[in-house]
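So the chains spell out like this:
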Amino acid sequence: MSPFKLHIRVLALLLALAPMPAAAQFVPPTMELRKIAPDVYTMQHPFGSSNASFVVTPDGVVVFDADIRTADQTMAAIRKTTDKKVRYVVISHPSGDHATGAWHFREDKPTVIGSRKQMRDLYQQERAEFLERRGSTAAQFAAYKNAELVHPEVGFDGALTLQFGGLTFQIVEEGSAHSTSDVTMFVPQRRVMMMGDLLNTEIHPGPGESAQVFFSNAGNWITLLNRIIAKQLPIDTYIPGHGPVHIGRGVADLEEQRRYFIVMRDAVSKMIMAGKSVEAIQKEFETPKEFAHYRGPQRQRAFINLFYHQLLERGFWP
Ligand SMILES: [Zn+2]
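In what follows, the accompanying structure is described. Nothing here was measured: the structure is a model prediction, and the numbers come from that model. (Residues numbered from 1 in each chain as written. Predicted model: local features only at pLDDT ≥ 70, side-chain atom pairs only at ≥ 80, totals over all residues. Heavy atoms only, no water.)

1. Quick notes on the sheet that holds strand E1 (residues 32-37)
Whether parallel or antiparallel, the strands of a sheet pair through hydrogen bonds between backbone atoms.
Here's step 1: Sheet architecture is open: 7 strands sit in the order E1-E2-E3-E4-E5-E6-E7, paired in mixed fashion. Each end of this open sheet is capped by a strand with a single partner; those strands are E1 and strand E7 (154-156). Strand after strand, the sheet turns through a mean of 20° between neighbouring axes, direction not considered.
Here's step 2: Where strand E5 (residues 86-90) meets strand E6 (residues 111-115), 3 bridges bridge the pair, whose relative direction is parallel. For Val 90, the partnering residue across the bridge sits in E6 and is Ile 113.
Here's step 3: Relative to the sheet, helix H4 (residues 116-135) contacts E6 and E7, its axis offset from that of E6 by approximately 100°. (Pairing = 2+ DSSP bridges. Helix = DSSP H or I, 4+ residues; strand = E, 2+ residues; numbered from the N terminus. Axes fitted to C-alpha atoms, helices over the stretch in contact; angles between N-to-C directions. Contact = heavy atoms within 4.5 Å.)

This is how it looks when you write it as C-alpha cells:
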C-alpha cells in the first residue's frame, strides 16, 4: 500500500470515529456594536432578535437589557470600549431575550434593577423556562449551561431616577403593552431613550412571549405610545428592542410603530366584519403594504390571534 493510500485509510478511519456533527449546529449571531450618541452604544442583533445597550460614564457602565445568548458579546464590547466596571443592569421587560443575561457581568457585581412586576414574573414563568432550557441538550440552548438567572436586587413601581456618573437615568415603568411590565430608560444629557420592545423597527412586533404565554395588548400599546409621543421629549434617537437603530430619526419611529397597530387592527377588524374566523384571518391575511418589507412575517400569526380576541373582548380598549 502506498503511503498515500495508507494516509487516506487512516483519514477515513479517523472520520468514522469522529463524533457526528450536531444535526443543527448553533452558531451564535455576531452582534454589531453601534455608537448611538456620545458614551451610548447599542449591540444590534443582525437578524432582528433582541438588542442590548450600554452607557459609559466615568464611574462605571449602565447596561440596558441582556440576553444570556448574546450578553457575553456585550461584555466583550464593554471591555473593549472602557476599563470601567458594569455597575447597573436595567431590564426592559421579563422575557428571556432581554432579562436573562446579567450572568455575564457577574465579575463586576452590578446591581440589577427591575420593576416589581418584572421581579414577580422572573421568579414565576421566566425562571421555569430558564431552568428548562438549562437542562436541555438542544444546541441553541448551550448558553444556558451552568448559568444562573440573575434576579433584580432593586425593584420599583412607577419610576426610578438614577443619578450616576454625571448622567441622569430616568427609568420608567410605562405600563403593560408588549409584556406585563414595559420599562424605558431616558438619558436626557444624551438625548436617547431605550424603549425595550415597545419599539420595533423594520420588523413585526413580537406578541410578548414569556414561557409560552403571550402577553401583548395592542390597545395598551397604542395608549402607551400616545403617552410617550405626547411628552415631546428632547430625544434624537429612540433605541428599539428589536431591529436597527435609526440614529436621529426621533419620534418618527414611535409614530410608525403606533401606526402599525392602528393599521393592523383596522385590517383584522374588516376581516372579522366579513365573518372570518381567526384561523381564516391568519391564513388569508395580507400584510398592509406599508409594513410588507418588515422582517419576521411569521410573527404576525400570533399577533393576529391577539388582535382578533382583543377586538372581540373589549373592542381593543385597555
Ligand atoms: Zn424581545
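2. Overview of the sheet that holds strand E11 (residues 192-194)
Here's step 1: Reading across from one edge, E8-E9-E10-E11-E14 is the order of the 5 strands in this open sheet, with mixed pairing throughout. Bordering the open sheet on either side are strand E8 (159-164) and strand E14 (237-239), each of which pairs with just one other strand. The sheet shows a mean angle of 20° between the axes of neighbouring strands, direction not considered.
Here's step 2: Bridging between E11 and E14 involves 3 bridges; their strand directions are parallel. Each bridged residue has a counterpart across the sheet, and for Met 194 the counterpart in E14 is Ile 239.

3. Some thoughts on the nonpolar core
Here's step 1: With 32 residues, the main nonpolar core has Met 195, Tyr 238, Leu 254 and Phe 261 as its most contacted residues.
Here's step 2: Listed by contribution, the elements that provide at least two residues to this core are helix H5 (218-230), helix H6 (252-273), helix H7 (278-284) and helix H8 (299-314).
Here's step 3: Apart from residues lying up to four places away in sequence, Tyr 238 is in contact with Met 193, Met 195, Leu 199, Ile 228, Leu 233, Gly 250, Val 251, Asp 253 and Leu 254.
Here's step 4: Within the second largest apolar cluster, 23 residues are counted, among which are Val 40, Val 62, Phe 156 and Val 192. (Core = buried A, V, L, I, M, F, W, Y, C linked by side-chain atoms within 4.5 Å. Buried < 20%, exposed > 50% of the residue type's maximum accessible area, 1.4 Å probe, protein only.)

4. Here we look at the coordination of the zinc ion
Six octahedral donors at a metal ideally form angles of 90 or 180 degrees, and four tetrahedral donors ideally form angles of 109.5 degrees.
Here's step 1: Within the protein, the zinc ion binds to Asp 97 (OD), His 98 (NE2), Asp 197 (OD) and His 242 (NE2); these donor distances fall in the range 2.0 to 2.4 Å.
Here's step 2: Geometry at the zinc ion is irregular, judged from its 4 donor atoms and the angles of 92 to 165° they form at the metal.
Here's step 3: All donors to the zinc ion come from one chain, and their sequence spacing reads D-H-x98-D-x44-H. Placement of Asp 97 in helix H3 (residues 96-99) and of His 242 in the loop between E14 and H6 is noted, with a sequence separation of 145 residues between them. (Donors = N, O, S within 2.8 Å, 3.2 Å for Na, K, Ca; no water. Tetrahedral: all angles 85-135°; square planar, octahedral: opposite > 155°, others 65-115°.)

5. Thoughts on the pattern of salt bridges
Between side chains of opposite charge, a pair can form when the charged atoms approach closely.
Here's step 1: All told, the structure shown has 14 salt bridges when counted by the stated rule.
Here's step 2: In this structure, Arg 79 engages Asp 108 in a salt bridge whose closest nitrogen and oxygen atoms are separated by 2.8 Å. In this pair, Arg 79 is assigned in helix H2 (residues 71-81) and Asp 108 in the loop between H3 and E6, connecting sequence segments 29 residues apart.
Here's step 3: When its relative accessible area of 34% is taken as the criterion, Arg 79 is described as partly exposed.
Here's step 4: Among the salt bridges present, the one from Glu 290 reaches Arg 259, with a minimum N-O distance of 2.7 Å. In this pair, Glu 290 sits in the loop between H7 and H8 while Arg 259 sits in helix H6, placing the two residues 31 residues apart along the sequence.
Here's step 5: Residue class for Glu 290 comes out partly exposed when judged on its relative accessible area of 35%.
Here's step 6: The structure contains a network of salt bridges with shared partners spanning Arg 79, Glu 107 and Asp 108. (Salt bridge = Lys/Arg side-chain N within 4 Å of Asp/Glu carboxyl O.)

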